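What the coordinates show
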Amino acid sequence: MTGRKVVGVNVRKVEGHKLVTGAPAFTDDIEMQGMLYGKILPSPHAHARIKRIDTRKAKALAGVHAVLTYKDVPRVPHTTAGQAWPEPSPYDTYLLDSKVRFVGDRVAAVAAESRAIAEKALRLIEVDYEVLPAVIDMELAMAPGAAVIHDEPDSTKIYDRSHNIAGYILREIGSVEQGFRESDFVVEREFRTHRQQHTPLEPHITICWLDPNGRLVIRTSSQVPYHTRRQVGQILQIPVSSIHVIKPRMGGGFGGKQEMLLEDICGALTLASRRPVKMEFTREEEFYMARSRHPQRLRMKMGVKRDGTVLASQLTVLATTGAYGSHSTTVQGNTGSKVLPLYRAPHMRFECHVVYTNAPVAGAFRGYGCPQGFFAQETLVDEIACELGMDPLDFHRMNVIRLGDTDLLSAQLGEGKEGLPRVVRSCGLPQCMESAARAIGWAQKRKKFPSGHSHLRRGVGMACTMQGSGIAGVDWASAFLKMNEDGSFYLQVGASDVGAGADTVLSQIAAETLGVTLDKVIITSGDTDITPFDVGAYASSTTIISGGAVKKAAGKVRAQVLEVASRMLDAPVDQLDCANNEVFTTCACRKAVSMTDLAMQAMYKEKFQIMDGASHFNTDSPPPFCATFAEVEVDTETGQVHVLHLASAVDPGTAINPMQAEGQVEGAVAQGLGYALTEELVLDADGRPLNPNFLDYKMFGFQDMPKLTTILIETDEPLGPYGAKSISEVPINGPAPAIANAIFHAVGIRIRKLPIRPEDVLRALHAERPANLDEEAMFAL
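Source: prediction; values computed, not measured.

Section: the sheet that holds strand β25 (residues 611-617)
Read across the sheet, four strands follow the order β21-β20-β19-β25 without closing on themselves; strand pairing throughout is mixed. Edge positions in the sheet fall to β21 (521-525) and β25, since each has one partner strand and no second. The sheet shows a mean angle of 20° between the axes of neighbouring strands, taken without regard to direction. Here seven bridges tie strand β19 (residues 476-483) to β25, and the two strands are oriented antiparallel to one another. Paired with alanine 479 across the strands is alanine 614, a residue of β25. Docked against the sheet, helix α15 (residues 542-569) engages β19, β20 (489-493) and β25, running at close to 150° with respect to β25.

Listed below in structure tokens is the structure:
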């Protein structure tokens, strides 16, 4: 970091003033003359065919300008997943269809002059359904005789539609059977995870209109504006050149907006009405008509030697994608590829069935399959360590991946250039473990807890996790820079700032490379007419991929700046440098020229504009690492679990903006706490959501948060701009297993399902502890 002026510095967000003063920034912060309001008629049934649909009364209602059903729109199979083409997800979704597959599925859509009129029009649509048997339980989806959810012949890329299997994965390194035979101990356990909803402050919202040239303009809260443009063109059967997508500020995404959920139907209503149309999910609709985390059933099996060395690791997963296969195999692929390689086992096997059910659709969510996998793996590892009489920290020290290791499994699961395994070129995990252990007081508290005979028992637990930085060989981005007369630079990037500060980080990278202060970089992002291509904000790719493009482009522009300065200062380029908004000679007789004077020279005397662009992608996905340590207090009379302290130590490579990086860690931890203890979207037996509101869906609020300790362990990643890799996802993976392990340390019970509710703790306590056993004997169990 020596000598850096902007990178590694806690600068304010470049859009901070606009946000804190309430200036127009978000999708909804515009008013358009003649704007209509769109609404979707949701299915009341989990599985049904539309036998008859009559929209005449709705169309006749004053103020209604468009009513659409499956009869009025093109039938184009597609995926709503915002992924690079060709998308790996099944093409099993339609703009509107004659069959509905979950409660909340689209039946019809209207556009009217007010929300009230639109809602009244929905009530006037007459629909006769043929209700079909619904498959809600993922474990019954593949059973003989189960209703086939996708029996339509035109859907494609479905693994086995007759058995409701959206996707299947099987990969193996070495031979796990050989590894288990060579092991002294083999332990196998089953784990269950659940639906978690993203709950962004800003729900999904889209506003569409036709510009004076008849082009469809889509202003939308999206993580993937370029993918959205391509997919809308495909679905509505209009050229991409006729679509302009604008992504304003976003009020959170967390993966839920790596999805095209409103843009297509809003665009269709605009084309039908020839008027601007706004569509926005209510909070209730956001819960079940948007996306959620994939529920999984995981069976984890590990073989170890007596000294604790891991020889074999096997993970078998059954997951449900809900009614449609958005992100179905890619999320579950991560459950294997990002989780199993944390340990240096020579034998690994991962198998996964992803099944359809008549439930709300799952999709991308921060962590992207890793929170489920790490809950299983890290809980099992803790159990193995305790059975061996080892400190779990010592077990991790012995077995975790380290600098210079290769990860063969990730390459088999589609990570990286084909045939090239992931190589760990930077790794701060050992330091992360030691720093977080000290912060939590691990050595003292492992010996001290549990103690006494109070009904309040304390314990500490730990977990180690990793993630990736972009999708190797797939994600790529472009950036463009041009110099203005006053020595400032316009930076144009297709990247989407979802609220995490990407615009600031990318501006810092540009400013550092160009040798100017941050205020001299004016960034424009996420506009398909103005900015160059970017796959979007997902897979923790923005800093390393988009930032790599910015650094390359800035390097080209810097070279042009130095060429002009060389002529102005009569000095060779190799004796020039840029800093503090000027170019200067590095020799003893210092001469300098300001960026302003240099820009005027180039534009008005040499008659050219200094500008250039670049594209960037990586063939590897450098893993960030995290060690999470939790201290909990368990009330053995009520089962209540209070998290007292949670310490997270993260290796993000170089933290371009340390304050923002810490904020990302703490935000991920808050979501991880909810995933561990309180958050679950609950369905009844008919697939209807029971708690689609903030009263009954319990999230951690400010008053619920424990003491947080956040530690950044910086390393130097060769593939990242200025040594950076990712940080925003990896901290969400650790809280659930760390808390589960701390509960075991406190009261001696293993909880293998999420969320961990008080009744689960009480039930396990009563099952494990005969009434006549005292506390010390109970813990010995």
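That shown, we press on.
Quick word on the packing of α15 against helix α16 (residues 595-605)
Across the interface, α15 lies against α16 with an axial gap of 10 Å and an inter-helix angle of 90°. The orientation of α15 with respect to α16, classified from their angle, is roughly perpendicular. Facing Val561, Val564, Ala565 and Met568 of α15, the residues of α16 in contact are Met595, Asp597, Leu598, Gln601 and Ala602. For the contact of α15 with α16, the residue count by class is seven nonpolar, one polar and one charged.

Digging into the domain arrangement of the protein chain
Each assigned domain of the protein chain is listed here: domain 1 (16-24 + 471-617), domain 2 (31-132 + 202-289) and domain 3 (133-193 + 293-413). Between domain 2 and domain 3, the C-alpha centre-to-centre distance is 34 Å. At the junction of the two partners, domain 2 supplies 30 residues and domain 3 supplies 34 residues. Counting each side, the surface lost to burial between domain 2 and domain 3 is near 2,300 Å², with a carbon and sulfur contribution of 48%. Here domain 2 and domain 3 share four salt bridges between them. Arginine 75 is paired through a salt bridge with aspartate 154; the nearest N and O atoms lie 2.7 Å apart. On inspection of domain 2 and its partner domain 3, the count reaches 26 residue pairs in polar contact (both at pLDDT 80 or more). When the residues that make up the side of domain 2 that touches domain 3 are grouped by side-chain class, the tally is twelve nonpolar, ten polar and eight charged.

Thoughts on unusual backbone geometry
The residue after tryptophan 85, namely proline 86, is reached through a cis peptide bond having omega -5°. Between leucine 754 and the following residue, proline 755, the backbone shows a cis peptide bond with an omega angle of -10°. Along the chain, proline 755 turns up in the loop between α18 (735-747) and α19 (758-768). Even without glycine at this site, asparagine 580 takes up a positive phi of about 55°. Examined against the element boundaries, asparagine 580 turns out to sit in the loop between β22 (576-579) and β23 (582-585).

Focus on the packing of aromatic side chains
Enumeration over the complete set of coordinates arrives at nine aromatic pairs. Note on phenylalanine 191 and phenylalanine 375: the rings are 5.8 Å apart at their centroids and 80° apart in plane angle, and the pair reads as edge-to-face. Note that phenylalanine 191 is positioned in strand β8 (residues 185-192) and phenylalanine 375 in helix α9 (residues 370-388), a separation of 184 residues in sequence. Comparing phenylalanine 191 with phenylalanine 375, the two get one shared label, buried. Here a set of aromatic residues connected by ring pairs shows up, and it is made of Tyr226, Trp476 and Phe533.

Remarks on the sheet that holds strand β2 (residues 48-54)
Read across the sheet, three strands follow the order β4-β2-β6 without closing on themselves; strand pairing throughout is antiparallel. Either end of the sheet is taken by a strand with one partner, and the two such strands are β4 (99-100) and β6 (126-131). Inspection of the sheet shows β2 paired to β4 by two bridges, in the antiparallel sense. Within β4, the residue paired with alanine 48 across the bridge is valine 100.

Comments concerning the nonpolar core
Leu342, Phe395, Leu429, Phe629, Ile739 and Ile743 are the most contacted members of the largest nonpolar core, which totals 91 residues. Beyond its immediate sequence surroundings of up to four residues, isoleucine 743 is in contact with Val632, Val634, Val641, Gly748, Ile749 and Ile756. Grouped together as the second largest cluster of nonpolar side chains are 47 residues, Leu506, Val550, Val561 and Leu598 included.

Looking at the pairing of β21
The side-chain alternation of β21 yields one buried face, formed by Val521, Ile523 and Ser525, and one unburied face, formed by Ile522 and Thr524. A crossover connection joins β20 to the parallel β21 through helix α14 (residues 502-514); in handedness this β-α-β unit is right-handed.

Side note on the environment of phenylalanine 254
Mapped onto the secondary structure, phenylalanine 254 falls in the loop between β11 (243-246) and α6 (263-273). Separated by 417 residues in the primary sequence, phenylalanine 254 and glutamine 671 place their C-alpha atoms 9.9 Å from one another. Those residues in contact with phenylalanine 254, other than ones at most four positions away along the chain, are His198, Pro200, Gln223, Ala364, Phe365, Arg366 and Gln671.

Some points on the pattern of salt bridges
A full pass over the atoms with the stated rule returns 51 salt bridges. The partner of aspartate 28 in a salt bridge is lysine 278, and the shortest N-O contact between them spans 2.6 Å. Of the two residues, aspartate 28 sits in the loop between α1 (16-20) and β1 (36-42) while lysine 278 sits in strand β12 (residues 277-280), which places them 250 residues apart along the sequence. On the basis of relative accessible area, aspartate 28 is assigned to the partly exposed category, the value being 31%. For lysine 278, a relative accessible area of 6% puts it in the buried group.

So, helix α5 (residues 225-236)
End to end, α5 covers 16 Å across twelve residues, agreeing with the expected 16 Å (1.5 Å per residue, within 8%). Extensive coverage of α5 is indicated by the burial of ten of its twelve residues. Two residues or fewer past α5, glutamine 237 is found with a positive phi of approximately 60°.

A few points about the packing of helix α10 (residues 392-399) against helix α12 (residues 429-440)
α12 packs onto α10 with a crossing angle of 170° between their chain directions and a minimal axis gap of 11 Å. Classified by the interaxial angle, the pair formed by α10 and α12 is roughly antiparallel. Contacts from Leu393, His396 and Arg397 of α10 reach α12 at Met433, Glu434 and Ala437. In terms of residue class, the contact of α10 with α12 is made up of three nonpolar, one polar and two charged.

Quick notes on the rules
Residues numbered from 1 in each chain as written. Predicted model: local features only at pLDDT ≥ 70, side-chain atom pairs only at ≥ 80, totals over all residues. Heavy atoms only, no water. Pairing = 2+ DSSP bridges. Helix = DSSP H or I, 4+ residues; strand = E, 2+ residues; numbered from the N terminus. Axes fitted to C-alpha atoms, helices over the stretch in contact; angles between N-to-C directions. Contact = heavy atoms within 4.5 Å. Parallel < 35°, antiparallel > 145°, perpendicular 65-115°, else oblique. Nonpolar A, V, L, I, M, F, W, Y, C, P; charged D, E, K, R; others polar. Domains from an automatic or database assignment. Buried area = accessible area lost by both parts, 1.4 Å probe. Salt bridge = Lys/Arg side-chain N within 4 Å of Asp/Glu carboxyl O. Polar contact = N/O pair within 3.5 Å; in protein donor to acceptor, adjacent residues only side chain to side chain. Phe/Tyr/Trp six-rings, centres within 6.5 Å; stacked < 30°, edge-to-face > 60°. Buried < 20%, exposed > 50% of the residue type's maximum accessible area, 1.4 Å probe, protein only. Core = buried A, V, L, I, M, F, W, Y, C linked by side-chain atoms within 4.5 Å. Right-handed = clockwise from strand over helix to strand, strands pointing away. Expected span 1.5 Å × (residues − 1).

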